[in-house]
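Structural features, examined
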Amino acid sequence: MKDPVQSGNLRVVDITPDRVRAALFYVIAFIVSVAVHEFGHAFVADRLGDRIPRLQGRLTLSPLAHIDPIGTLAVPLLGVLVGLPLFAWGKPVQTNPGNYTRRFSMRVGSMLVAAAGPFMNLVLAIVGSIVIVALAKAGVLSPSLQFALFAYIVLLNITLMIFNMIPLGPLDGAAVLAGLLPPSLERINELNRKYGMLVLLLLFLSPSMGLPGLGVIMRPVNGLVAVWMRVLGLEVA
């Protein structure tokens, strides 16, 4: 399952040394965040009894096992450099719900595996926050550096978490929705599998047509992170 993240509107910008530096930092942050996300899928699938991720070497936090050369490296790097919407994905974790333990139905098992990826992004955001706060209290980080680290670690991972929980087609949220809906509403899942990707594409393209698109869905992220920073006593540059 591809796990993308997107923010911002389509725009053309000058490629400056600072932008190149920012692009490299973002790609590194994406690589780490995607690796943690995909590891979450693999770990829960393995715990439920499916050994496919383990056999394919995905039961690891090593980014080398999870990065997609195009989706994790080229696309986000190009996006930051030229001002395209920020978008990335990792190598999908292959899993067979038929191998899951019978303690859960395949529907519930699939839901747990899907939810594990966004949950791991939340964990990374929390751990990153703890580290940033500790360094800030020790006087190691300036306010501007605190804000930069929040953007690269906390904001990015909260965005990944929330975006991937949108209940559309290829995203993890679709599998979570499928696990929550009763069998009598299976038609909704069928329509989601069939048209979810199209709806997601329209949401991506809508800003270029003057429509809000994903901005409306993702707008609460910035507010959440701002509150998060104030609660932790960190300064905003």
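Values in this document were obtained by computation on a predicted structure and should not be read as measured data.

Per the secondary structure count, the protein includes 8 helices and 0 strands. Considering the protein as a whole, with its 237 residues, one finds that 41% of them fall into the buried category. Long-range contacts, defined as pairs at least 24 residues apart, comprise 75% of the intrachain contacts of the protein with a sequence gap of at least 6. Total accessible area computed for the protein in this model is approximately 12200 Å², and 71% of it derives from carbon and sulfur atoms.

What follows is about the nonpolar core. Among the nonpolar cores identified, the biggest contains 19 residues, and F150, V154, I158 and F163 are the most heavily contacted of them. The element that contributes the greatest number of residues to this core is helix α8 (residues 214-232), accounting for 6 residues. Beyond its immediate chain neighbours, meaning those up to four positions away, I158 contacts A125, V221, L224, V225 and W228. The next biggest cluster of nonpolar side chains, apart from the first, holds 8 residues, and it includes Y26, A29, L156 and L160.

With that out of the way, let us pick up the confidence of the model for the protein. Residues with a pLDDT of 70 or more make up 86% of the protein, whose mean pLDDT is 84. Per-element confidence in the protein ranges from a low mean pLDDT of 77 for α8 to a high of 96 for helix α2 (residues 52-55). In this model residues 5-13 is a low-confidence stretch, pLDDT under 50, and it forms 30 contacts with partners more than four residues away in sequence or in other chains.

On the surface, a cluster of nonpolar side chains totalling about 600 Å² of accessible area is made up of L191, Y195, L198, V199, L201, L202 and L205. With respect to the helices, strands and loops of the structure, L198 is situated in helix α7 (residues 186-205).

Let us look at the packing of aromatic side chains. Counting across every chain of the model gives 2 aromatic pairs. Between the aromatic rings of F25 and Y152, the centroid separation amounts to 5.6 Å while the plane-to-plane angle is 50°, which identifies the pairing as tilted. Of this pair, F25 sits in helix α1 (residues 17-47) while Y152 sits in helix α5 (residues 143-164), placing them 127 residues apart in sequence.

Between the first and last C-alpha of helix α4 (residues 106-137) there are 46 Å, a value that for 32 residues agrees with the 46 Å anticipated at 1.5 Å per step. The largest bend in α4 amounts to roughly 30° and is located at A116, with the proline P118 lying one to four residues further along.

Moving on: the pattern of salt bridges. Tallied over the full model, the rule gives 5 salt bridges. Among the salt bridges present, the one from R54 reaches D46, with a minimum N-O distance of 2.8 Å. On the basis of relative accessible area, D46 is assigned to the buried category, the value being 7%. Put simply, D46, R51 and R54 are held in one network by salt bridges that share partners.

A few words on the environment of F25. Its relative accessible area of 43% is what places F25 among the partly exposed residues. In sequence terms F25 and L77 are 52 residues apart; their C-alpha atoms lie 9.5 Å from each other.

Note that G233 resides in the segment after α8. Given a relative accessible area of 45%, G233 falls into the partly exposed group. Taking the C-alpha atoms as reference points, G233 and K137, separated by 96 residues in sequence, lie 9.4 Å from one another.

The N-to-C vectors of α5 and α8 enclose an angle of 135°; their axes lie 10 Å apart at closest approach. With respect to α8, the axis of α5 lies oblique. Once α5 is placed against α8, the crossing between them reads as right-handed. Of the residues in α8, those in contact with F147, F150, V154, L155, I158, T159, I162 and F163 of α5 are L214, M218, V221, N222, L224, V225, W228, M229 and L232.

Quick notes on the rules
- Residues numbered from 1 in each chain as written.
- Predicted model: local features only at pLDDT ≥ 70, side-chain atom pairs only at ≥ 80, totals over all residues.
- Heavy atoms only, no water.
- Helix = DSSP H or I, 4+ residues; strand = E, 2+ residues; numbered from the N terminus.
- Buried < 20%, exposed > 50% of the residue type's maximum accessible area, 1.4 Å probe, protein only.
- Contact = heavy atoms within 4.5 Å.
- Areas by Shrake-Rupley, 256 points an atom, 1.4 Å probe, with all protein chains shown as cover.
- Core = buried A, V, L, I, M, F, W, Y, C linked by side-chain atoms within 4.5 Å.
- pLDDT = per-residue confidence, 0-100.
- Patch = residues over 30% accessible without salt bridge, like charges linked within 9 Å, V, L, I, M, F, W, Y side chains within 5 Å.
- Salt bridge = Lys/Arg side-chain N within 4 Å of Asp/Glu carboxyl O.
- Phe/Tyr/Trp six-rings, centres within 6.5 Å; stacked < 30°, edge-to-face > 60°.
- Expected span 1.5 Å × (residues − 1).
- Bend = angle between axes of the 7 residues up to and from the residue.
- Axes fitted to C-alpha atoms, helices over the stretch in contact; angles between N-to-C directions.
- Parallel < 35°, antiparallel > 145°, perpendicular 65-115°, else oblique.
- Left-handed = near helix turned anticlockwise from the far one by under 90°.

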